[in-house]
Amino acid sequence: MTASRRITALATLGLLAMTAVWGSTFVLIKDVVARMPVADFLAVRFAIAALAMLALFARPVWRLGRKQVMRGLLLGGVYGIGQLLQTWGLSLIAPSVSGFATGMYVVFTPILAMLLLRQRMAGVVWLAVLLSTAGLALLSLNGVSVDLGVWLTLASAALYALHIVGLGQWSRQGEAFGMSAVQMVAIAVVCLLATAPQGPVLPPDRSAWFAVLYMALIAGAGAMLMQTWAQSHLPAARAAIVMTTEPVFAAAFAVALGSDVLSWRMLFGGGLILAAMYLVELMPRRGDITGELPTEAVHHEV
């Protein structure tokens, strides 16, 4: 295995690990948001994550150029607004429908990559997108009507796709620490503004604090760091397809913790998503998913 292939494999495994962490948080979030407002939960979570990252990575942030700092702030702002739209939508629709609508970033990502970056997608990418979408639908949907909550969640999915595309284009090898910290600061500011004018309510008890700290440090700061590093080595559409394994991990954790029962929909839907990821892993190695350039070459200055 060449060094380039090895790094690409490590980046894919890193995204899988990050997605598994996200999948483990659904039970925790459900418990915490039942006892404190959603916007306040997000504000406290991302404020803690931002402070931790600035304390650890102040020097890498200082070494970033002005252009990269502005890009990090823009990406963080997009992600933060997406978080708020997703949670507002979740308050109006069932969690299963929210999971499907959020997962639609796997469709929006290659479309935005084509429109904004003029990247040409290979046919196997669109096949993987279709398989992922079908898998998400089987995992999440059991009848759905398109109302305001769905539209808000679809808007959040479009913003997540924009974040994935922008991060894949602007993240640089050696700058993951600094870029991650800057993004987290922007996310925290957006979520804190959503709690104005009274400011965020703190977690009510020890178990809520544990969940918030886990979400802030592991599923927040750690996941953002891993995503920023991994996307300096992976094209955006490929990263999005790998990240659709989140509902698979969420279902697995739900079954393991006894909060859900294993069903044929879980098995078949999860199988379709894993098949989509397997397809992108088996894509011809002479070029990436754009069909033209090696993986590292698509991350150029714009």
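Keep in mind that what you see is a predicted model, and the values were worked out from it rather than measured.

*Asks:* Is there a simple way to explain the packing of helix H9 (residues 148-170) against helix H11 (residues 206-230) in this structure?
*Replies:* Each packed pair of helices is defined by two parameters, the angle between the axes and the distance between the axes. Between H9 and H11, the shortest axis-to-axis distance is 8 Å and the interhelical angle comes to 55 degrees. By the angle class used here, H9 and H11 are oblique. Residues His163, Ile164 and Leu167 of H9 form the contact with H11, whose participating residues are Met224, Gln227 and Thr228. Residues belonging to the contact of H9 with H11 are distributed by class as follows: 3 nonpolar, 3 polar and no charged.

*Asks:* How do you make sense of the packing of helix H1 (residues 3-23) against H11 when you look at a structure like this?
*Replies:* At a minimum axis distance of 9 Å, the contact between H1 and H11 shows a crossing angle of 155 degrees. In terms of orientation, H1 lies roughly antiparallel with respect to H11. H11 is crossed by H1, and the crossing has left-handed handedness. On the side of H1, the interface is formed by Ile7, Leu10, Ala11, Gly14, Leu15, Met18, Val21 and Trp22, while H11 contributes Tyr214, Ile218, Ala219, Ala223, Met226, Gln227, Trp229 and Ala230. Per-class residue counts for the contact of H1 with H11 are 14 nonpolar, 2 polar and no charged.

*Asks:* Could you clarify how one ought to interpret the side chain of serine 232 in this entry?
*Replies:* Looking at the element boundaries, serine 232 is found in the loop between H11 and helix H12 (236-243). Take serine 232: its relative accessible area is 4%, and that puts it in the buried class. Within the local environment of serine 232, its side chain forms a polar contact with the side chain of histidine 233, the two groups lying 3.4 Å apart.

Cut-off values and rules
- Residues numbered from 1 in each chain as written.
- Predicted model: local features only at pLDDT ≥ 70, side-chain atom pairs only at ≥ 80, totals over all residues.
- Heavy atoms only, no water.
- Axes fitted to C-alpha atoms, helices over the stretch in contact; angles between N-to-C directions.
- Helix = DSSP H or I, 4+ residues; strand = E, 2+ residues; numbered from the N terminus.
- Parallel < 35°, antiparallel > 145°, perpendicular 65-115°, else oblique.
- Contact = heavy atoms within 4.5 Å.
- Nonpolar A, V, L, I, M, F, W, Y, C, P; charged D, E, K, R; others polar.
- Left-handed = near helix turned anticlockwise from the far one by under 90°.
- Buried < 20%, exposed > 50% of the residue type's maximum accessible area, 1.4 Å probe, protein only.
- Polar contact = N/O pair within 3.5 Å; in protein donor to acceptor, adjacent residues only side chain to side chain.

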